[in-house]
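# Summary of the model geometry
Each chain is listed here by its residues.
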Amino acid sequence: MNWDNNSIKDAIHDYVDGNLSESDTDRLWGELLGNPEALDYLQTLATLKKMGSKGKFTEEEKTQSNLFHLVGHQTRKVAGQYKKYLAAASVLILGMAILFQVFNSVDPTTDISPIASIEYDIERSADDRTVFESHLQRSVSYSTAGNLDSAIDELSMAAEMDLSEEQSIDLLMVKGAIYYNAGQYSMAADNFKTISGVEGIDRQNLEKSLWYLANSQIHLGELDEARINIDKVIELDGAFSRVANQKRDQL
């Protein structure tokens, strides 16, 4: 019998906190590898778990090592039953590698510290990528190498394609992350604000865009606007709600 969404969410919190039994852990991973939304929730929560009040991880290398061990161990244990979800598990491991690398610094100019960097959430292998996704991946590669102009050029080429609403949101999300990680917070805020204003946007992308928008606004010193958007994140009660509550207490 499958767990309902609330049970999975509670189990994920227990797992990240180290309070889940071995049998329940095995059962949880069986559910996770067949549930992309739950995988994304775990990925986000595991990243935020070790963020201190200054927005960075403590004992970063130890935490990364422990989580890689847990992810790899559980993926091997359920591989026989869930072969078709192994690609999703490998994406989770790769995503966590990126996440643990980017949250390693804070803005020393303010006591209210926004997140240091934003993850690049591209979840396709090279063999499965569309032309659009290849543009996004190349943009991320250029950005990581410090070549902002080429990164934005790739996104401009992608924007000229006949995109679905979902693809348009993905493009804006990556573009906002690239500007944010490059320290261009006003440009980042513009992209995240555009996403949050899309009519009928799904709950997960709405939460992400509002959270990233709020952090951009903190960088810009727009604290009143940041409070409003953090309150919206808290109301959505998703993967960012706990850290948003902590951040709200600082504002």
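Attention in this report is confined to the structure presented alongside it. (Residues numbered from 1 in each chain as written. Predicted model: local features only at pLDDT ≥ 70, side-chain atom pairs only at ≥ 80, totals over all residues. Heavy atoms only, no water.)

### A word on the nonpolar core
Just so we agree on the cut-off: The definition of a nonpolar core used throughout is a set of buried Ala, Val, Leu, Ile, Met, Phe, Trp, Tyr and Cys residues joined through side-chain atoms within 4.5 Å. Here's how the labels work: a residue is buried when its accessible area is under 20% of the maximum for its type, exposed when over 50%, partly exposed in between, all with a 1.4 Å probe on protein chains only. Put simply, DSSP H or I for four residues or longer makes a helix, DSSP E for two residues or longer makes a strand, and each gets a number counted from the N terminus. We call two residues in contact whenever any of their non-hydrogen atoms come within 4.5 Å of each other.
One finds I178, F192, W211 and Y212 to be the most contacted residues of the largest nonpolar core, which totals 41 residues. The set of elements that each furnish at least two residues to this core consists of α6 (131–144), α7 (148–159), α8 (165–181), α9 (185–196), α10 (203–219), α11 (223–236) and α12 (241–250). A total of 9 residues in this core trace back to one element, the largest contributor, which is α8. For Y212, the contacting residues outside a window of four places in its chain are I115, I118, E119, M173, Y180, F192 and F240. Membership of the second largest hydrophobic core comes to 15 residues, among which are A11, I12, L28 and L45.

### Things to note about a negative patch on the surface
Operational definition: Patches were defined on residues exceeding 30% relative accessible area and lacking a salt bridge, with like-charge contacts within 9 Å and nonpolar side-chain contacts (Val, Leu, Ile, Met, Phe, Trp, Tyr) within 5 Å. Methods summary: accessible areas were calculated by the Shrake-Rupley approach with a probe of 1.4 Å, and residue burial reflects only the protein chains presented. We define a salt bridge as a side-chain nitrogen of Lys or Arg found within 4 Å of a carboxyl oxygen belonging to Asp or Glu. Just so you know, the count uses Lys and Arg for positive and Asp and Glu for negative, and it drops His and the chain ends. Where a charge lies is defined by one atom per residue type: Lys uses NZ, Arg uses CZ, Asp uses CG and Glu uses CD.
Taken together, the side chains of E37, E165, E166, E199 and D202 define an acidic patch exposed on the protein surface. By the element assignment, E166 lies in helix α8. On the accessibility criterion, E166 (58% relative accessible area) is exposed.

### Focus: the pattern of salt bridges
According to the stated counting rule, one finds 4 salt bridges in the structure shown. Here R248 and D231 are joined by a salt bridge, their closest N and O atoms 2.8 Å apart. Remark: D231 occurs in helix α11 and R248 occurs in helix α12; sequence separation between them is 17 residues.

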